[in-house]
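Secondary and tertiary structure notes
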Amino acid sequence: MFPIRKQLSGAEKRKKKQKEEALIQSQVGSLNKYFTNSQKAEQTEVAEQLNQDDTDNKLNDQKHSELNELQNEDQKQYGNDKVEVNMPENNSDEDTNQKIVFPLNVDDPGNWDKMQNIRDFLVERGPRKDDDILFPLDNTGRHFNPSHYKRQLPNGEKSDRRWLVYSISLDKIFCFCCKLFKTQRTTMKLGHLADEGYKDWKNISRCLSLHETSKDHIDCMTSWIELERRLRKKKTIDENIQVAINKEREHWKQVLKRIIAVVQRIAKNNLPLQGDNEKLYVENNGIFLQLIEMIAEFDPIMEEHLRRVQERQIHYTYLGPKIQNELIQMLAAEVRSSIVAKIKHAKYFTVILDCTPDASHEEQMSLVIRCVDDSENAIVVEEFWIGFLKVNETSGLGLFTELKNILNNLELDIDNIRGQGWQIFKDHVQGLTVKPLSQTRWESHVDSVKPIKDQTSKIRDALIDLANISDDSKIKTEHIASEMGIEPIFREKCIIRRKRQFDEINSEEVTQSPKESFRVNYFLFIIDQALSSLQTRFEQFQKYEETFGFLFSLERLKYIDDDSLLHSCVNLQESLTHDGHSDVDGSDLYLELKLLRHSLPRESKRAIDVLNYLKKMDSCYPNAYIAYRILLTIPVTVASAERSFSKLKLIKTYLRSTMSQERLNGLAMLSIEKKVVEKVDYANLINTFASKTARRAIFK
């Protein structure tokens with residue numbers, strides 16, 4: 001066999017030289033619109049581009065030289081930092097100093113230079129590739145081809161280039177291992193794949209082939225594989241230090257977990273956290289610190305924490321009042337978000353409002369939301385307490401404004417309200433609060449209301465007897481009063497007369513006897529208010545009966561005739577229509593109820609039983625399911641709001657009358673919604689607490 005010619009023949013050299021000169025002459029001045037360099041630099045660039053076709057089967061040092069030529073060519077073609085670029089402003093992909101946009105994509109190698117200390121994280125995570133990306137075209141009409149993720153071997157097999165990654169933000173490719181494990185010495189040899197990225201799609205095949213066979217790349221691959229193996233086995237070089245860090249992190253998590261539990265238990269029982277002193281192991285330092293001291297007697301973790309505090313080994317103890325307030329707000333926010341999520345899932349809800357003055361003589365409005373919770377297996381009607389709202393105006397407009405603001409803050413749609421419950425007197429009597437406007441409170445006159453409390457039935461009988469006026473009504477009344485233990489006389493009070501001035505007109509003042517004064521100012525007034533209240537309330541009940549009565553009474557639903565059922569369904573559709581849209585379709589509801597009343601199980605006696613049955617049927621009766629949800633959402637009383645006032649008096653006492661509104665709502669939330677508080681995940685709270693400031697990174 002003839003030996004293989006290593007050099008070109010003279011004819012071949014002359015032909016190649018002619019092609020080079022022709023190409024150079026044809027492209028003179030073609031790059032002036034992009035670069036301000038001299039013509040000599042452009043010709044040198046083209047000459048280097050042509051000379052790179054001769055690089056085959058070089059030694060390792062020759063491969064580095066050719067690889068650098070490819071990188072320089074890419075740099076000249078797409079922009080060099082030392083060359084003034086006159087590209088249009090729209091080509092923002094080439095701007096390597098562009099403004100950082102948060103949050104950064106950690107899988108994009110173009111963002112790694114903007115992050116710190118992420119090598120271990122990226123190695124443990126591994127390179128990520130997305131083949132579904134629509135790769136953009138460059139100025140020459142070429143783009144990156146995902147087929148380069150595989151290497152074609154001589155025997156036809158394909159090897160995965162696991163180290164090759166693509167940057168979406170820069171439209172460049174990088175070497176994963178060389179980007180992370182390069183050194184100052186090897187940066188120049190490894191080229192753009194390890195630094196600012198490679199984008200010459202025309203010569204990408206040769207560039208990748210040269211790079212993956214270079215010694216420096218293989219060294220970076222070795223370092224990558226070794227670190228990956230050590231991280232997988234948790235045996236890194238700083239293993240002992242990492243173990244100590246993890247142990248310290250776990251210690252702080254356990255400390256914070258105990259502190260959160262103490263705050264939760266104290267707030268749950270309406271007790272004050274702070275005392276007269278904020279130091280450990282002193283008298284009157286508050287229930288919070290005393291419970292911490294008690295836990296330290298039996299728990300080694302809290303004992304170690306208090307030891308560090310006393311010996312001043314740590315600066316932040318996380319036992320102060322600011323941390324207490326922060327934990328209270330975090331717990332309350334977690335509970336409130338859980339409640340709001342259930343309300344949003346239920347969609348329909350009603351609001352219950354009531355007002356009362358607190359210990360600092362500020363008007364507090366209690367907001368309770370009632371909804372049907374169908375997120376669990378068994379449907380439950382829930383009334384969730386949302387918060388106390390400080391109101392300056394107790395009129396209907398003032399209460400509605402406060403209600404609209406809080407619903408907007410909670411991101412609840414006001415159009416989903418299907419009922420309301422608040423004090424009836426507020427719409428009729430101006431200036432009337434929940435409690436009577438008096439210098440003293442009813443609670444301080446227990447003895448005066450005991451006969452009414454213990455003998456309600458006799459009072460009712462007495463009022464019925466008084467309704468039948470007769471000649472001996474006075475005798476009957478005295479007899480009834482004697483049976484109730486009340487002395488049947490009206491005590492006369494000393495009448496205080498004001499001294500008249502000399503210029504006042506003499507007028508006769510009308511004086512009433514004690515009996516007449518009691519009749520006019522007390523008896524008739526109470527009767528009028530009671531009749532007005534009962535009449536208004538029963539008018540509302542009558543309206544609800546006309547709208548939802550056929551659904552609430554199962555016996556009525558079973559035996560109602562078809563015409564009446566259709567009329568009731570159409571009436572319900574009209575009642576639930578708002579802005580031209582209704583929650584149910586009357587005709588469809590009529591057809592569903594005709595089938596439903598014959599298929600209901602015998603054990604279904606209440607509306608909630610029907611709703612649970614409808615849920616099990618899985619959308620067989622959609623309109624009936626909506627109608628029963630709205631029916632059970634409508635409130636009957638405002639007792640839930642009234643019960644929240646008892647918590648208000650226990651939390652905001654005269655000793656804690658300066659408590660802020662935020663702390664009041666936080667403590668009340670933990671005290672009232674105890675069931676939801678028990679389901680709070682401490683791990684999420686610790687992560688939220690750790691993300692507040694940088695110094696809390698020890699909890700992460």
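Described below are features of the structure shown in this document. If you're wondering where the values come from, they're calculated on a predicted model, not measured in any experiment.

Moving on, we come to the overall build of the protein. Looking only at helices and strands, the protein features 26 helices and ten strands. Across the 700 residues that make up the protein, the buried fraction comes to 35%. About 44,200 Å² of surface is accessible on the protein, with carbon and sulfur atoms providing 51% of the total.

By the criterion of burial, strand S6 (residues 363-373) is predominantly enclosed, with eleven of the eleven residues buried. Neither face of S6 is open: one carries Glu363, Met365, Leu367, Ile369, Cys371 and Asp373, the other Gln364, Ser366, Val368, Arg370 and Val372, and all of them are buried. When strand S5 (residues 349-357) meets S6, the two strands line up antiparallel, connected through nine bridges. Along S6, the bridge assignment pairs Thr350 with Arg370. Where S5 folds back on S6, the antiparallel hairpin that results is connected by five residues, among which His361 adopts a positive phi of roughly 60 degrees. Bridge count between S6 and strand S7 (residues 380-390): ten bridges; the pairing is antiparallel. Bridging across to S7, Arg370 finds its partner in Glu383. With antiparallel pairing between neighbouring strands as the criterion, S6 and S7 make up a hairpin whose turn holds six residues.

Moving on, we get to the sheet that holds S7. Strand order in the open sheet made by the four strands is S7-S6-S5-S8, with mixed pairing throughout. If you trace the sheet from one side to the other, it starts and ends with S7 and strand S8 (417-421), each paired once. Within the sheet, the average angular offset between the axes of one strand and its neighbour, ignoring direction, is 20 degrees. Two strands pair when backbone bridges link them, and S5 and S8 are joined in this way by three bridges, in the parallel orientation. Bridging across to S8, Phe349 finds its partner in Ile417. Its contacts with the sheet put helix H13 (residues 396-409) on S5, S6, S7 and S8, and the angle it makes with S6 is roughly 55 degrees.

On to the pattern of salt bridges, then. If you walk through the whole model with that rule in mind, you get 27 salt bridges. A salt bridge links Arg370 to Glu383; the shortest N-O distance between them is 2.7 Å. Of the two residues, Arg370 is situated in strand S6 and Glu383 in strand S7; the sequence distance between them amounts to 13 residues. A salt bridge links Asp562 to Arg597; its shortest N-O distance comes to 2.8 Å.

Mapped onto the elements of the fold, Tyr149 is located in the loop between helix H4 (119-125) and strand S1 (150-152). With 16 residues separating them in the primary sequence, Tyr149 and Val165 have C-alpha atoms 8.3 Å apart. When neighbours within four sequence positions are excluded, Tyr149 is seen to be in contact with Lys129, Asp131, Phe144, Ser159, Asp160, Arg161, Leu164 and Tyr166.

Here we take up the packing of aromatic side chains. Counted according to the given criterion, the structure contains ten aromatic pairs. Ring geometry for Phe135 against Tyr166: centres 4.8 Å apart, planes inclined by 85 degrees, an arrangement best described as edge-to-face. Note that Phe135 is positioned in the loop between H4 and S1 and Tyr166 in strand S3 (residues 164-167), a separation of 31 residues in sequence. In this structure Phe135 comes out as buried when scored by relative accessible area, which is 8%. For Tyr166, a relative accessible area of 8% corresponds to the buried category. Plain terms: the ring middles of Phe176 and Trp224 are 4.9 Å apart, the flat faces sit at 50 degrees to each other, and that makes the pair tilted. A residue pair is termed long-range when its members are at least 10 positions apart, and Phe176 in helix H5 (residues 176-181) and Trp224 in helix H8 (residues 215-232) qualify at 48 residues. Given the relative accessible area of 1%, Phe176 is considered buried. Three or more aromatic residues link up through ring pairs in this structure, and these residues are Phe135, Phe144, Tyr149, Tyr166 and Trp201.

On to the environment of Lys616, then. By the element assignment, Lys616 lies in helix H21 (residues 607-616). The exposure class assigned to Lys616 is exposed, which follows from its relative accessible area of 70%. As a C-alpha pair, Lys616 and Asn377 span 239 residues in sequence and 9.1 Å in three-dimensional space.

The next point concerns the environment of Leu319. Checked against the element boundaries, Leu319 lands in the loop between helix H11 (300-310) and helix H12 (321-346). Its relative accessible area of 8% is what places Leu319 among the buried residues. Residues Leu319 and Ile259, spaced 60 residues apart in sequence, show a C-alpha to C-alpha distance of 7.8 Å. Excluding residues that lie within four positions of it along the chain, Leu319 makes contacts with Ile259, Leu280, Phe288, Leu289, Ile292, His305, Leu306 and Gln324.

A grouping of Leu534, Phe538, Phe541, Tyr544 and Val636 is seen on the molecular surface, where their side chains present a nonpolar patch of about 480 Å² in accessible area. You can call Leu534 partly exposed: its relative accessible area is 47%.

What follows is about unusual backbone geometry. At Asp171, a residue that is not glycine, the phi angle is positive and equals roughly 55 degrees. Its location among the elements puts Asp171 in the loop between S3 and strand S4 (172-175). The class for Asp171 is buried, based on a relative accessible area of 2%.

Next up on the list: the nonpolar core. Counting 74 residues, the largest nonpolar core has Ile259, Phe288, Leu327 and Ile343 as the members making the most contacts within it. Ranked by residues supplied to this core, first place goes to H12 with eleven residues. Contact partners of Phe288, with chain neighbours within four places excluded, come to Ile259, Val262, Val263, Ile266, Leu273, Leu319 and Gln324. Core analysis: the second largest hydrophobic core is formed by 35 residues, Tyr590, Leu596, Ile608 and Ala627 among them.

If you walk through the whole model with that rule in mind, you get zero disulfides. Summary of cysteine pairing: Cys175 is not part of a disulfide, and the nearest cysteine sulfur, belonging to Cys178, is at 3.3 Å. Take Cys175: its relative accessible area is 0%, and that puts it in the buried class.

What follows concerns the packing of helix H23 (residues 639-651) against helix H24 (residues 661-672). At a minimum axis distance of 10 Å, the contact between H23 and H24 shows a crossing angle of 125 degrees. The angle between H23 and H24 places the two elements in the oblique class. In this structure, H23 meets H24 at a crossing whose hand is right-handed. Two secondary-structure elements touch here, H23 through Ser644, Lys647, Leu648 and Ile651 and H24 through Leu664, Leu667, Ala668, Ser671 and Ile672. Looking at the contact of H23 with H24 residue by residue, the class counts come to six nonpolar, two polar and one charged.

It is worth spelling out the side chain of Gln264 at this point. In this fold, Gln264 is placed in helix H9 (residues 239-268). What Gln264 contacts, discounting residues up to four positions off in sequence, is Leu331, Val677, Glu678 and Tyr682.

Turning next to helix H19 (residues 562-575). Between the first and last C-alpha of H19 there are 20 Å, a value that for 14 residues agrees with the 20 Å anticipated at 1.5 Å per step. For H19, the side-chain oxygen to backbone nitrogen distance between the N-cap and Asp563 is 3.3 Å, and the N-cap itself is Asp561.

Within H21, seven of the ten residues are buried, which leaves the element mostly enclosed by the surrounding structure. For H21, the set of buried residues is Ala607, Ile608, Val610, Leu611, Asn612, Tyr613 and Leu614. On its buried face, H21 sits against S6, S7, helix H18 (554-559), helix H20 (586-599) and helix H22 (622-633). Positive backbone phi, at 55 degrees, marks Asp618, one or two positions downstream of H21.

Basis of the calculations
- Residues numbered from 1 in each chain as written.
- Predicted model: local features only at pLDDT ≥ 70, side-chain atom pairs only at ≥ 80, totals over all residues.
- Heavy atoms only, no water.
- Helix = DSSP H or I, 4+ residues; strand = E, 2+ residues; numbered from the N terminus.
- Buried < 20%, exposed > 50% of the residue type's maximum accessible area, 1.4 Å probe, protein only.
- Areas by Shrake-Rupley, 256 points an atom, 1.4 Å probe, with all protein chains shown as cover.
- Pairing = 2+ DSSP bridges.
- Axes fitted to C-alpha atoms, helices over the stretch in contact; angles between N-to-C directions.
- Contact = heavy atoms within 4.5 Å.
- Salt bridge = Lys/Arg side-chain N within 4 Å of Asp/Glu carboxyl O.
- Phe/Tyr/Trp six-rings, centres within 6.5 Å; stacked < 30°, edge-to-face > 60°.
- Patch = residues over 30% accessible without salt bridge, like charges linked within 9 Å, V, L, I, M, F, W, Y side chains within 5 Å.
- Core = buried A, V, L, I, M, F, W, Y, C linked by side-chain atoms within 4.5 Å.
- Disulfide = S-S within 2.5 Å.
- Parallel < 35°, antiparallel > 145°, perpendicular 65-115°, else oblique.
- Left-handed = near helix turned anticlockwise from the far one by under 90°.
- Nonpolar A, V, L, I, M, F, W, Y, C, P; charged D, E, K, R; others polar.
- Expected span 1.5 Å × (residues − 1).
- Polar contact = N/O pair within 3.5 Å; in protein donor to acceptor, adjacent residues only side chain to side chain.

Purely geometric numbers; function is a separate question.
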